[in-house]
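Single-letter residue listing:
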Amino acid sequence: MPQPIEFIMIGGFLGAGKTTLIARLAKQLQAEGKHVCIVTNDQAAGLVDTQLLKSQGLEVNEVAGSCFCCNFDGLTDAMEEFENRQRPDVVLAEPVGSCTDLIATIAVPMMERLGEKFVHRPYAVVLKPNHGKKILSGVGGGFSEKAEYIFRKQLEESEIILLNRIDELSDEDVQALKEQLNEQYPGRKVIPLSAKTGENLDVLYEAFQGNAAHRESMMEVDYDVYADGEAELGWLNATVNFNSKHAFALDELSVGLVDELRQRLLSLGAEPGHLKVLCSANATDDEPVSVANLIDSDSQTVLSIASGTNTSTAKAIINARVRLAPESLTQEVEQVIELLAARLNADTDTTQLDSFRPGRPEPTYRSV
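Rules used throughout
- Residues numbered from 1 in each chain as written.
- Predicted model: local features only at pLDDT ≥ 70, side-chain atom pairs only at ≥ 80, totals over all residues.
- Heavy atoms only, no water.
- Pairing = 2+ DSSP bridges.
- Helix = DSSP H or I, 4+ residues; strand = E, 2+ residues; numbered from the N terminus.
- Right-handed = clockwise from strand over helix to strand, strands pointing away.
- Core = buried A, V, L, I, M, F, W, Y, C linked by side-chain atoms within 4.5 Å.
- Buried < 20%, exposed > 50% of the residue type's maximum accessible area, 1.4 Å probe, protein only.
- Contact = heavy atoms within 4.5 Å.
- Phe/Tyr/Trp six-rings, centres within 6.5 Å; stacked < 30°, edge-to-face > 60°.
- Lys NZ or Arg CZ within 6 Å of the ring centre and 35° of its normal.
- Disulfide = S-S within 2.5 Å.
- Axes fitted to C-alpha atoms, helices over the stretch in contact; angles between N-to-C directions.
- Parallel < 35°, antiparallel > 145°, perpendicular 65-115°, else oblique.
- Nonpolar A, V, L, I, M, F, W, Y, C, P; charged D, E, K, R; others polar.

A separate point is the pairing of strand S8 (residues 189-192). Relative to S8, strand S7 (residues 160-163) runs parallel, the two sharing four bridges. Counterpart to Ile160 in the pairing with S8 is Lys189. Assessed by its sense of winding, the connection that carries the chain from S7 through helix H7 (residues 171-184) to S8 is right-handed.

Within the largest apolar cluster, 55 residues are counted, with the highest numbers of intra-cluster contacts made by Phe7, Val39, Ile106 and Leu155. Element by element, the count of residues in this core is highest for helix H4 (residues 102-114), at seven residues. When sequence neighbours within four positions are dropped, the list of residues in contact with Ile106 reads Phe7, Met9, Phe68, Cys69, Phe72 and Leu75. Residues Leu257, Val258, Ala314 and Val322 belong to the second largest nonpolar core, which totals 31 residues.

Another point: the side chain of Thr239. Its location among the elements puts Thr239 in strand S9 (residues 234-249). The class for Thr239 is buried, based on a relative accessible area of 11%. Not counting residues within four places of it along the chain, the set of residues in contact with Thr239 comprises Lys315, Ala316, Ile317, Asp349, Thr350, Thr351 and Gln352.

So, about the packing of aromatic side chains. According to the stated counting rule, one finds five aromatic pairs in the structure shown. Above the ring of Tyr365, the side-chain terminus of Arg113 is found at 3.6 Å from the ring centroid.

This part covers the state of the cysteines. Chemically, a disulfide is nothing more than a covalent bond linking the sulfur atoms of two cysteines. Taken as a whole and assessed by the stated rule, the structure comprises zero disulfides. Considering cysteine sulfurs only, Cys67 is the nearest to Cys69, which forms no disulfide, with 3.0 Å between them. Note on Cys69: relative accessible area 0%, which makes it buried. With no disulfide of its own, Cys99 lies closest to Cys67 among cysteine sulfurs, the gap being 3.8 Å. Of the residues examined, Cys99 reaches a relative accessible area of 2% and is grouped as buried.

To continue, consider the packing of helix H5 (residues 129-136) against helix H6 (residues 145-156). Between H5 and H6, the shortest axis-to-axis distance is 11 Å and the interhelical angle comes to 100°. Taken together, H5 and H6 sit at an angle that is classed as roughly perpendicular. Between H5, through His131, Gly132, Ile135 and Leu136, and H6, the contact on the second element is made entirely by Glu148, Phe151, Arg152 and Leu155. Here the contact of H5 with H6 is built from residues that sort into four nonpolar, two polar and two charged.

Printed below as a string of structure tokens:
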């Protein structure tokens, strides 16, 4: 029998920094000679995270159209497809940021159905500190109590809580969050780290050397509240081609799309769960990419990956998860696209635009 494949699932709320962390962890595992594959997940096709990870040379399959729990076979099919090419040593799985109850619907059913094929590492959840400070203190994080219910349930089912973005936090903030987490979610290992800089990644790596703990019982989840919390968010994925007679900075396009939408959402009082744009020149797949993002209403637009590229043609992938009706979100995004096109003297062609509220979670399996 070959060695079992390590299965590492990293959850966390929208904008917590899961993708950046997974990319860093994958590269560290690769440096040790391990063959690493990643499965991303979204409610619709056209996920920025998938293209971002691929642009970094990582091997990625995407499960689109529903969350892992509602498409268990999609997850296992994605992992089987990896095996058909080259058996991975490690599979890193990134579930949708608005999902919870993943131990009962993914981890345990995998153990029951796939036997010794996989070894499950402890389930880690990335904490988004800006929302975390508000929710854990009882102030509220810009969403309804039903959406905050999902945030808290993600923490409740974790074995490891990853307090991310410590490079942006004061020592006092880190300590206060650790104390709140230890008080409200006792028994979890809390690891402060920075996915951006790699600080304390070695502590997480060491934690992943162990196996997932046995669960005597599954976490209780009110699926009515869960469904209402997810449905609070408008969900938009769009792909747009820009064509201009004049060269423009690719970074200007990605930042402009996010920042113009940020200002519109502020004026509407619409809290973003996450807004991310990836732009690439319409040439070859190995062209540099530009990525800009916004994680909440209190933050500024960040150019997380600069391309330094000038081009006259570009493809923009836009992912927005906002507390706003999908129809209104679509209208705002379309107006911002028009604005940036005029600014760059470019024509546009929208090849994909999906906007909706996530449907009620209906897990394929759920262990009790």
